[in-house]
Amino acid sequence: MRAGIVATFQRLTFGHQAEYGMHALKTLPPARPVPGLRVTAAGPEDLDEVLPLLRALPGHLHESPVFMRRSDDYYDRLPVVHSKNLNENSARYFLGRRDGRAVGLVIVWAAEAEAEPLASGSR
C-alpha cells in the first residue's frame with residue numbers, strides 16, 4: 001500500500017476517538033481566533049444541540065470501513081445519560097458554535113467522577 005493510503009486509513013478514528021491526559025490549562029497558549037466561533041459551557045438547556053453531536057461519531061463509525069453498529073438502546077440512552085450529567089454538573093460540556101450553529105463538543109470529567117462517559121451504553 002502506498003504511504004498516503006495507510007496514513008489516511010489510520011485517521012479514520014482508530015485511536016482518535018478519545019483523548020486522555022492531564023495538562024495545566026493555564027500553561028496552554030491561546031488558540032488563534034476562528035471567525036464566527038464561540039465556545040461556551042453547555043447546560044441542561046443545550047441538550048437539543050448536544051445530542052446531534054453525540055450521534056455524529058457513532059453514526060460515522062457505523063459506516064465503512066469500521067462497521068461498528070450501536071444498538072437502538074445506545075441511542076435511546078443518550079438523552080437520559082447526558083441530561084443527567086448536565087443537570088448534576090458531573091461533567092463539563094463545552095459547546096462550540098460557529099455563526100450560532102452547534103459544530104463541536106468536548107466533554108470533560110474527572111477520572112474519579114461518577115459521570116457516564118460518551119461511550120456508555122451497549123454496542
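To start, this report covers the structure provided alongside it. From a predicted model like this one, the values you see are computed outputs, not experimental measurements.

## Re unusual backbone geometry
Turning to step 1, where the next piece is worked out: With omega at 5°, the peptide bond leading from S64 into P65 counts as cis.
Turning to step 2, where the next piece is worked out: As for its placement among the helices and strands, P65 is situated in the loop between helix 2 (47-62) and helix 3 (72-88).
Turning to step 3, where the next piece is worked out: For F67, which is not glycine, the phi dihedral falls at a positive 55°.
Turning to step 4, where the next piece is worked out: Assignment of secondary structure puts F67 in the loop between helix 2 and helix 3.
Turning to step 5, where the next piece is worked out: One non-glycine residue, N89, adopts positive backbone phi at about 55°.
Turning to step 6, where the next piece is worked out: Mapped onto the secondary structure, N89 falls in the loop between helix 3 and strand 2 (92-98).

## A few points about the environment of G100
Turning to step 1, where the next piece is worked out: Its place among the elements puts G100 in the loop between strand 2 and strand 3 (101-108).
Turning to step 2, where the next piece is worked out: In the structure, G100 is positioned 63 residues away from L37 in sequence and 8.1 Å away in space, judged by C-alpha atoms.

Here is what the cut-offs are and how they apply
Residues numbered from 1 in each chain as written. Predicted model: local features only at pLDDT ≥ 70, side-chain atom pairs only at ≥ 80, totals over all residues. Heavy atoms only, no water. Helix = DSSP H or I, 4+ residues; strand = E, 2+ residues; numbered from the N terminus.

On their own, these measurements won't tell you what the molecule is for.
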